[in-house]
Amino acid sequence: AVVSTQSTGNDVIMIIIEKLVKIDVDISNSPPENTDDLFLFDKDSLRASEAETSEKLDVLLSDFILYMKENSSSSDTAPSLWCKVLLLSFNSHILKAHIPSNVPFVMFYFFNIHPDLRTVFLDYFWSVFADKNQPAVIRVSGMIYLTSFVNRSASVSKADFHNIMMVISNWCQSYIENNDTLTVKCNHTVFYAACQSLFYMFCYRHKEIFCSSGYKLFLDKIDFYSIVYCKLNPLRHCSPYILGMFNKLTSLYEIVTCQVVIERNSRMLLSSIQQFSNEDYPFKQCLLKSLCRFIEPCFRDMECSTEIGFRKYKISENFEDWDHVISDVSIALSPDFQSMSVGK
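This structure is a prediction, so every number in the text was calculated from the model and none was measured.

1. Notes on the overall build of the protein chain
Right, so step 1: What the protein chain contains, in helices and strands, is 15 helices and 2 strands.
Right, so step 2: Partitioning the intrachain contacts of the protein chain with sequence separation of at least 6 by distance along the chain shows that 78% fall at a separation of at least 24.
Right, so step 3: When the accessible surface of the protein chain is totalled, it reaches about 17,100 Å², and 53% of it is carbon and sulfur.

Rendered as structure tokens:
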């Protein structure tokens, strides 16, 4: 029988998603490959069990997406009803869990096949982050989901991207004004998460910024200089991977000089400093084969302009690979553009 997305149907869908999240988290939290305290037989058995569970999850998620795709387009009101139940499920079962690797792609896919509702998804993430009544860990989770969706989803337009960067930058500027004179020993976790997300968005979709005629004014408003050089020192808490990207691009485009701050931070004791990892961001890659067939058409890879057109790059975790992206950007820059300085 076809389950209605109203009343009891909503509850059934939420229960299904809850069960899928539990399976997904169990797979994500499985022991690493180099666990030394397991016998070889136990390791092999464990890997076989994980592979079998992953295959089952792949089938379940694919079937759920097919059902969702069909039923969310069955009437004019169906997309809004599905949007509501998916956000309820996300809030109840995904947001507060250790970030599952695969189930969030259900929401990713839904808001790509119903792009008119994508702003609802984006507004939801921002409201979670901006809610001072939420624990810091939940606010940070809202920000990293927002960032990853903006970076990876093909449905998020350039206008949306610019607007979100501006909103995050304005929030950061306001936070600096209210907290820059306070002791750095206070907990500024939410601020550091917002700064890193702003840096990450810029790195991932920088080509779209510089393809716009008003990029100078836009970057002046973003004002990376005041964020990078504020007393709260967000670069000190930034993922080394994202910091490396941001440093290279801002230096290349002559937006702001990060190297001075980076070298100063390198001389400081970092043992007690919290650094966010780029591993924390969801939607990085889809590893389930059947699920991937749904996600790939909706997925945005990094693009860098070159003299011969556009090359697509899937961001690698290897710094050396990033050098190729920077090299291609350098080739594309004109002499006039290279001499232009944006910011302070």
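2. Quick look at the packing of aromatic side chains
Right, so step 1: In total, this model carries 36 aromatic pairs according to the counting rule given.
Right, so step 2: Note on F210 and Y215: the rings are 5.6 Å apart at their centroids and 55 degrees apart in plane angle, and the pair reads as tilted. The two residues F210 and Y215 agree in class, both being buried.
Right, so step 3: Through a chain of ring-to-ring contacts, three or more aromatic side chains come together here, namely F90, F105, F108, F110, F111, F121, Y124, F125, Y145, F149, F283 and F299.

3. Examining the pattern of salt bridges
Right, so step 1: All told, the structure shown has 5 salt bridges when counted by the stated rule.
Right, so step 2: Of the charged contacts in the structure, one is a salt bridge between K22 and E18, with a shortest N-O distance of 3.9 Å. With K22 and E18 both in helix α1 (residues 8–28) and 4 residues apart, the pair spans about one turn of that helix.
Right, so step 3: A relative accessible area of 44% places K22 in the partly exposed class.
Right, so step 4: We classify E18 as partly exposed; its relative accessible area is 26%.
Right, so step 5: Beyond isolated ion pairs, a larger network of salt bridges with shared partners links R205, E208 and R300.

4. Focus: the nonpolar core
Right, so step 1: Grouped together as the largest cluster of nonpolar side chains are 101 residues, with contacts concentrated most on M165, F191, F199, F202 and F224.
Right, so step 2: Looking at this core, the element that brings in the most residues is helix α8 (residues 189–210), giving 15 residues.
Right, so step 3: Dropping the residues within four chain positions of it, F202 is found in contact with M165, I209, F210, L219, F224, F246, L249, T250, Y253 and I255.

5. Brief notes about the packing of α8 against helix α9 (residues 215–222)
Right, so step 1: As a packed pair, α8 and α9 sit with axes 12 Å apart at the nearest point and diverge in direction by 165 degrees. For the element pair α8 / α9, the angle class is roughly antiparallel. Note that α8 runs across α9; the crossing there is right-handed. Of the residues in α9, those touching α8 at L198, F202, I209 and F210 are Y215, F218, L219 and I222.

6. Let's talk about helix α5 (residues 118–130)
Right, so step 1: Helix length check: α5, at 13 residues, gives a terminal C-alpha distance of 18 Å against a target of 18 Å (1.5 Å per residue), a fit within 8%.
Right, so step 2: Turning to α5, its buried residues number three or more, namely R118, F121, L122, Y124, F125, V128 and F129. Summarising the axial view, the buried residues of α5 lie within an arc of 155 degrees, below the 170-degree limit, and thus occupy one face.

7. Here we look at the side chain of S72
Right, so step 1: By the secondary structure assignment, S72 is in the loop between α2 (40–71) and α3 (78–94).
Right, so step 2: With a relative accessible area of 0%, S72 lands in the buried category.
Right, so step 3: Within the local environment of S72, its side chain forms a polar contact with the backbone oxygen of M68, the two atoms lying 2.7 Å apart.
Right, so step 4: Reaching out from S72, the side chain makes a polar contact with the side chain of H114 at a distance of 2.9 Å.
Right, so step 5: S72 has contacts with A78, P79, W82, F110, I113 and H114, leaving out every residue within four places of it along the chain.

8. A word on the side chain of N102
Right, so step 1: Mapped onto the fold, N102 is located in the loop between α3 and α4 (104–113).
Right, so step 2: Other than its neighbours up to four places away in sequence, N102 contacts D24, L57, L61, L287, L288 and L291.

9. Let's talk about unusual backbone geometry
Glycine aside, a negative phi is what most residues show, and trans is what most peptide bonds show.
Right, so step 1: Phi at D223 takes a positive value of approximately 55 degrees, unusual for a residue other than glycine.
Right, so step 2: Residue placement: D223 occurs in the loop between α9 and α10 (224–228).
Right, so step 3: Assessed through its relative accessible area of 16%, D223 is described here as buried.

10. Focus: the packing of α4 against helix α6 (residues 136–152)
Right, so step 1: As a packed pair, α4 and α6 sit with axes 12 Å apart at the nearest point and diverge in direction by 50 degrees. The pairing of α4 with α6 is recorded here as oblique in orientation. Considering the relative orientation of α4 and α6, their crossing is right-handed. Taking contact as the criterion, the partners of P104, F108, F111 and N112 in α4 are, on α6, Y145, F149 and R152.
Right, so step 2: Per-class residue counts for the contact of α4 with α6 are 5 nonpolar, 1 polar and 1 charged.

11. Concerning the confidence of the model for the protein chain
Interpreting fine coordinate detail is not advised for predicted regions of low pLDDT.
Right, so step 1: In the predicted model, the protein chain carries a mean pLDDT of 82, and the fraction of residues at 70 or more is 74%.
Right, so step 2: No element of the protein chain has a lower mean pLDDT than strand β2 (residues 309–313), which averages 38, and none a higher one than α10, which averages 97.
Right, so step 3: Taken as a whole, residues 1–5 scores under 50 in pLDDT and shows 11 contacts with residues more than four places along the chain or in a different chain.
Right, so step 4: Across residues 305–320 the pLDDT falls below 50, and counting only partners more than four positions away or on other chains, this stretch makes 40 contacts in the model.

Conventions we followed
- Residues numbered from 1 in each chain as written.
- Predicted model: local features only at pLDDT ≥ 70, side-chain atom pairs only at ≥ 80, totals over all residues.
- Heavy atoms only, no water.
- Helix = DSSP H or I, 4+ residues; strand = E, 2+ residues; numbered from the N terminus.
- Contact = heavy atoms within 4.5 Å.
- Areas by Shrake-Rupley, 256 points an atom, 1.4 Å probe, with all protein chains shown as cover.
- Phe/Tyr/Trp six-rings, centres within 6.5 Å; stacked < 30°, edge-to-face > 60°.
- Buried < 20%, exposed > 50% of the residue type's maximum accessible area, 1.4 Å probe, protein only.
- Salt bridge = Lys/Arg side-chain N within 4 Å of Asp/Glu carboxyl O.
- Core = buried A, V, L, I, M, F, W, Y, C linked by side-chain atoms within 4.5 Å.
- Axes fitted to C-alpha atoms, helices over the stretch in contact; angles between N-to-C directions.
- Parallel < 35°, antiparallel > 145°, perpendicular 65-115°, else oblique.
- Left-handed = near helix turned anticlockwise from the far one by under 90°.
- Expected span 1.5 Å × (residues − 1).
- Arc of directions from axis to C-beta.
- Polar contact = N/O pair within 3.5 Å; in protein donor to acceptor, adjacent residues only side chain to side chain.
- Nonpolar A, V, L, I, M, F, W, Y, C, P; charged D, E, K, R; others polar.
- pLDDT = per-residue confidence, 0-100.

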